[in-house]
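# Chain and residue survey
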Amino acid sequence: MDGIVNQLPCTFNDLKDASVFITGGGSGIGAALTEGFIQQGAKVAFVQRTDASAFCDRLEQKYGVRPLFTACDLKNIEQLQAVMREVAHKQGTIKILVNNAAVDNRHKLSDYDTRAWDESINVNLRPHFFTAQEVAAGMKDLGGGSIINFSSISYLMGNAGYPAYVAAKAAITGLTRGLARELGPDKIRVNALLPGWVMTERQKELWVTEADLKAHLERQCLKELLQPEDMVGATLFLASSASKMLTGQALVVDAGVVVTG
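Residues numbered from 1 in each chain as written. Predicted model: local features only at pLDDT ≥ 70, side-chain atom pairs only at ≥ 80, totals over all residues. Heavy atoms only, no water.

This part covers the sheet that holds strand β1 (residues 19-23). Within the open sheet, the 7 strands sit side by side as β3-β2-β1-β4-β5-β6-β7. Their pairing is parallel. This sheet does not close on itself; its edge strands, each paired only once, are β3 (68-71) and β7 (250-253). On average, each strand axis in the sheet is inclined to that of its neighbour by 15°, with strand direction left out of account. (Pairing = 2+ DSSP bridges. Helix = DSSP H or I, 4+ residues; strand = E, 2+ residues; numbered from the N terminus. Axes fitted to C-alpha atoms, helices over the stretch in contact; angles between N-to-C directions.)

Put into structure tokens, the structure is as follows:
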């Protein structure tokens with residue numbers, strides 16, 4: 001089940017009581033991230049469009065701490081930024097921003113129109129810019145912060161079948177590098193994290209076939225299926241001051257499918 005994370009073998013002490021904001025933090029990879037930050041003692045808030053009350057109930061029962069969940073359509077930037085301001089008011093200035101939410105709907109070049117293109121970009125790319133815009137001043141006042149933008153190895157592999165999604169994920173890496181340069185003087189670090197094929201419930205329900213999975217595992221150096229919790233450690237590292245001199249980077253967590261550098 002999404003959002004069940006084993007206790008990590010390490011603790012990032014500086015994440016305790018840090019105010020964290022995650023997009024799409026109630027399902028898939030995002031649920032694992034929410035739980036991982038709670039394990040570290042952080043104050044976690046997240047948004048997503050669908051109801052996540054049951055997920056929050058499970059975390060509260062398990063840890064005695066309830067994340068701050070607000071239903072929000074990421075396409076509505078005014079609403080999203082208003083939620084972020086409310087989060088800062090309730091749990092402190094946001095120190096760590098994780099732009100995780102994405103929708104990888106399949107489509108062909110021939111069957112896409114401008115409305116569908118805009119819909120994809122408005123979910124998969126635009127929020128990354130405007131959430132960063134919202135937190136930048138507060139992070140500067142805190143003396144620094146960390147922004148983590150989830151991209152994907154899909155564009156490094158040149159995957160077919162969802163070109164709008166692939167384009168957005170490539171753009172996220174460019175946006176990350178541009179923001180790292182702009183925000184660096186304020187000690188705000190901006191990095192991208194590029195997962196491989198992670199076995200979320202959505203992937204298993206919609207896209208996973210035995211043949212495709214076999215072929216993908218053959219490309220991985222490590223012959224284990226990636227799980228949502230496998231993205232947690234790298235995200236916590238990028239959030240923590242343990243990576244205080246790491247910015248503008250694209251960190252790949254894919255069990256060794258693609259090689260960068």
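Here we take up the layout of surface pockets. Taken as a whole, the second largest pocket spans an internal volume of roughly 310 Å³. Lining the second largest pocket we find 17 residues, and of these Gly 144, Gly 145, Lys 187, Arg 189 and Lys 244 sit closest to its centre. Elements supplying a minimum of two residues to the lining of the second largest pocket: β5 (145-150) and β6 (188-195). (1 Å grid on protein atoms, 1.4 Å probe; cavity = no way out; pocket = protein on both sides within 12 Å on 5 of 7 lines; lining within 4 Å. Points joined across faces, edges and corners; volume = space filled by probe spheres on them.)

With that settled, the discussion passes to the packing of aromatic side chains. In this structure the tally under the stated criterion is 4 aromatic pairs. A ring pair is formed by Phe 46 and Phe 55, whose centres lie 6.0 Å apart and whose planes are at 65°; its orientation type is edge-to-face. You'll find Phe 46 and Phe 55 in the same group, each marked buried. Among the aromatic residues, ring-to-ring pairing joins Phe 46, Phe 55 and Phe 69 into one connected group. (Phe/Tyr/Trp six-rings, centres within 6.5 Å; stacked < 30°, edge-to-face > 60°. Buried < 20%, exposed > 50% of the residue type's maximum accessible area, 1.4 Å probe, protein only.)

What follows is about the packing of helix α4 (residues 114-124) against helix α7 (residues 163-183). Interhelical geometry of α4 versus α7 gives an angle of 35° and a closest axis separation of 9 Å. Here the hand of the crossing between α4 and α7 comes out right-handed. Residues Trp 117, Ser 120, Ile 121 and Asn 124 of α4 pack against Ala 164, Tyr 165, Ala 167, Ala 168 and Ile 172 of α7. Of the residues in the contact of α4 with α7, the class split is 7 nonpolar, 2 polar and no charged. (Left-handed = near helix turned anticlockwise from the far one by under 90°. Contact = heavy atoms within 4.5 Å. Nonpolar A, V, L, I, M, F, W, Y, C, P; charged D, E, K, R; others polar.)

Here we take up the side chain of Thr 200. Checked against the element boundaries, Thr 200 lands in the loop between β6 and α8 (201-206). Residue class for Thr 200 comes out buried when judged on its relative accessible area of 9%. Within the structure, the side chain of Thr 200 is placed 3.2 Å from the backbone nitrogen of Gln 203, a separation counted as a polar contact. (Polar contact = N/O pair within 3.5 Å; in protein donor to acceptor, adjacent residues only side chain to side chain.)

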